[in-house]
There are 2 protein chains.
Amino acid sequence: MHPEEPHSAPPNPQGRLQVIGLGPGDPTLLAPAARAALNDAEHIIGYRTYLQLAGPFRADQQVHDSDNRVELDRARHAFQLAAAGHRVVIVSSGDPGIFAMATAVMEALEQAEDPTWNAVDLQIIPGISAAQAAAARIGAPLGHDFCTLSLSDNLKPWSVIARRLQLAAEADLVLALYNPSSRARPYQFREALALLRGYRAAETPVILGKAIGRDDEQLIITTLAEVDSQQVDMRTVVIIGSSQTRLIQTTEGRRWVYTPRWYPATAAE
Amino acid sequence: MHPEEPHSAPPNPQGRLQVIGLGPGDPTLLAPAARAALNDAEHIIGYRTYLQLAGPFRADQQVHDSDNRVELDRARHAFQLAAAGHRVVIVSSGDPGIFAMATAVMEALEQAEDPTWNAVDLQIIPGISAAQAAAARIGAPLGHDFCTLSLSDNLKPWSVIARRLQLAAEADLVLALYNPSSRARPYQFREALALLRGYRAAETPVILGKAIGRDDEQLIITTLAEVDSQQVDMRTVVIIGSSQTRLIQTTEGRRWVYTPRWYPATAAE
């Protein structure tokens, strides 16, 4: 125990595991609680791209980087270190609770290999997710009811994704789509667009936010008719408007997209 | 212009309007960009409860508080001040882009009473929304596809809300429900529960997060069978699990709720 350091004393001898989100990547959007967790950590675990955004780290901190596809292994490793009494941080991008590491941590805890994992002081620190960062750049497309879906069919069948897209389209919800495409599965976003074009107007605003908050960020405003599935990759979040979502162009040439707070009685019928 | 202050020089003579979110209320979850905007503002506008959380302010800052029901007036007032050359901040709770002030600001801009509003340097700074803060406290209930709905029928008919609830239930999406009830409309959450009980199992986890991140925060874990519509108010966010959402209890007596990353092929049929 280190009583001289206000954040460093775990409440039990089993150590502490904090699961943090970096937010979109811009340090001015990183929660102070997440920054404090990073400063106070003895061990920092994460996908190496996120660790590069989270660092630099001190010489007395141990950094454990890994590939992006081993989430459950990372969570187990974190519990092992924390159960041995260490202060451990798992780094996610965005919000750890939205398509990120908090879920894998819960899975590891439920299947705990070692009963001492139950005594770890586990804390999840929320963050700003990619769709929120992209929305803020462009106005307020998520200002009304919306649905957040991952298009990845690594862990769920495409039939479930297609059905959810169809029902969300029938409900006229704005869509925030994560993991729209990858090299291993280039077809999902194309199929999602084909489905949604059956429900929504050609001029429906579509926003593509790539790496928002990072040095190479790219934001594209397009329409449901014009968007091309080649424009997205795993780092892109896609926002597709509802029937009510509006594009406004200022006299200064700036474009904004928002979904009004009100909804007419007839539009969803 | 004040070139000696790094954040203070607006890029044009029309002033600046920043729309910020306080996050859940805990200052350790407030984005540094939002804190900087507050520090640098000449005029700060918002619902008085949120201004109390955002303050204290300096004697040289002008604070304009208001009732919670005049969002469009607040947005117009902010544009007037910014168009006159001032540095203005509008304060929302949570994320300004999720059922908060960014949408009203967009509405005011689209209907601009004065063309000079178009030249205002408008910035929206995202924040951590209430559902994310509640989710982090309890595990990872939003770790899979989910739907974010407001149950308020102030600005949309109840028939639209009921239809969206039904379609989201058919899609087996986790639900994050904002504005579940108020004194003026106590029936919405009761009706939403009646509808959802037709689709989901009695033991489906339900989380009620009231004022999470504030001094009087309250977090309740219950089930779809047991939750009572009297337990919620306007400051409560409700998370209702999907068929896959799991409650786990550690050997230390701590309860967690999460929605796994995977989804079986048969569960949604």
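Worth saying up front: this structure is predicted, and the values here are computed from it rather than measured.

**Student:** I would appreciate a short explanation of the nonpolar core in the present structure.
**Tutor:** One broad rule of soluble globular proteins: the nonpolar side chains tend to lie buried together. Counting residues in hydrophobic clusters, the biggest one holds 50 residues, and the most contacted among them are L165, L175 and L177 of chain A together with L165, L175 and L177 of chain B. Aside from chain neighbours lying at most four places away, what touches L165 of chain B is L149, L151, W158, L175, L177, A192, L195 and L196 of chain B. Ranked by size, the runner-up nonpolar core spans 37 residues in total, among them L29 and I44 of chain A together with A41 and V89 of chain B.

**Student:** What am I meant to see in unusual backbone geometry here?
**Tutor:** Most peptide bonds take the trans form, and the phi angle of most residues other than glycine is negative. Residue and element names in this part refer to chain A. Cis geometry is adopted by the peptide bond preceding P56, which originates at G55 and carries an omega value of 0°. With respect to the secondary-structure elements, P56 resides in the loop between α2 (48–54) and β3 (62–66). At F99, a position not held by glycine, the phi torsion is positive, near 50°. Looking at where F99 falls in the secondary structure, it is placed in the loop between β4 (87–92) and α4 (101–110). One non-glycine residue, N179, adopts positive backbone phi at about 45°. In this structure, N179 sits in the loop between β8 (174–178) and α7 (188–196).

**Student:** Where do I start with the relation of the copies chain B and chain A in this structure?
**Tutor:** Of the transformation superimposing chain B on chain A, the axial component is 0.0 Å and the angular component is 180°, with the fit at an RMSD of 0.0 Å. A rotation of that kind, with that shift, is consistent with a two-fold axis. Among all C-alpha atoms of chain B, that of C147 of chain B lies closest to the rotation axis, at 2.1 Å. Interface overlap between copies: 100% of the residues of chain B at the interface are likewise at the interface in chain A, consistent with a symmetric, same-surface contact.

**Student:** What should I look at first to understand the sheet that holds strand β4 (residues 87–92) of chain B in this one?
**Tutor:** Strand pairing in a sheet relies on backbone hydrogen bonds. The paired strands run either parallel or antiparallel. Residue and element names in this part refer to chain B. Read from one edge to the other, the open sheet built from five strands follows the order β3-β2-β4-β1-β5, with strand pairing classed as parallel. Strands at the two margins of the open sheet, each flanked by one partner only, are β3 (62–66) and β5 (121–125). Across this sheet, the average inter-strand angle for adjacent strands is 15°, counted without regard to direction. Sheet topology places strand β2 (residues 43–47) next to β4; four bridges connect them, and they run parallel.

**Student:** Help me understand the pairing of β3 of chain B in this model?
**Tutor:** Residue and element names in this part refer to chain B. With five bridges joining them, β2 and β3 adopt parallel strand pairing. Bridging across to β3, I44 finds its partner in V63. With helix α2 (residues 48–54) bridging β2 and the parallel β3, this β-α-β connection has right-handed handedness.

**Student:** I tried to follow the interface of chain B and chain A on my own but got confused; where do I start?
**Tutor:** Accessible area lost when the parts come together is the quantity often used to give the size of an interface. In this assembly, 73 residues from chain B lie in contact with 73 residues from chain A. Counting the surface lost from both chain B and chain A, the interface buries some 6300 Å², and carbon and sulfur atoms represent 60% of this. In terms of surface lost to chain A, no three residues of chain B exceed E110, R164 and R261 of chain B, which account for 12% of the buried area on that side. Along the contact surface separating chain B from chain A lie 10 salt bridges. Between E110 of chain B and R246 of chain A there is a salt bridge whose closest N-O contact spans 2.7 Å.

**Student:** Can you help me understand the environment of A136 of chain A in this one?
**Tutor:** Inspection of the secondary structure assignment puts A136 of chain A in helix α5 (residues 130–138). Classification of A136 of chain A by relative accessible area gives buried; the value is 7%. The spacing of A136 of chain A and R76 of chain A is 60 residues in sequence and 35 Å in space, taken between C-alpha atoms. Among residues more than four places away in sequence, those in contact with A136 of chain A are I124 and P126 of chain B.

**Student:** Mind showing me how you'd approach the environment of D65 of chain B here?
**Tutor:** Residues and elements named next belong to chain B. Checked against the element boundaries, D65 lands in strand β3. With relative accessibility at 42%, the residue D65 sits in the partly exposed group. Beyond its immediate chain neighbours, meaning those up to four positions away, D65 contacts G46, R48 and L51. Within the structure, D65 has its side chain in polar contact with the side chain of R48 (distance 3.3 Å).

Cut-off values and rules
Residues numbered from 1 in each chain as written. Chains lettered and ligands numbered in written order. Predicted model: local features only at pLDDT ≥ 70, side-chain atom pairs only at ≥ 80, totals over all residues. Heavy atoms only, no water. Core = buried A, V, L, I, M, F, W, Y, C linked by side-chain atoms within 4.5 Å. Buried < 20%, exposed > 50% of the residue type's maximum accessible area, 1.4 Å probe, protein only. Contact = heavy atoms within 4.5 Å. Helix = DSSP H or I, 4+ residues; strand = E, 2+ residues; numbered from the N terminus. Least-squares fit on C-alpha atoms with pLDDT ≥ 70 in both. Pairing = 2+ DSSP bridges. Axes fitted to C-alpha atoms, helices over the stretch in contact; angles between N-to-C directions. Right-handed = clockwise from strand over helix to strand, strands pointing away. Buried area = accessible area lost by both parts, 1.4 Å probe. Salt bridge = Lys/Arg side-chain N within 4 Å of Asp/Glu carboxyl O. Polar contact = N/O pair within 3.5 Å; in protein donor to acceptor, adjacent residues only side chain to side chain.

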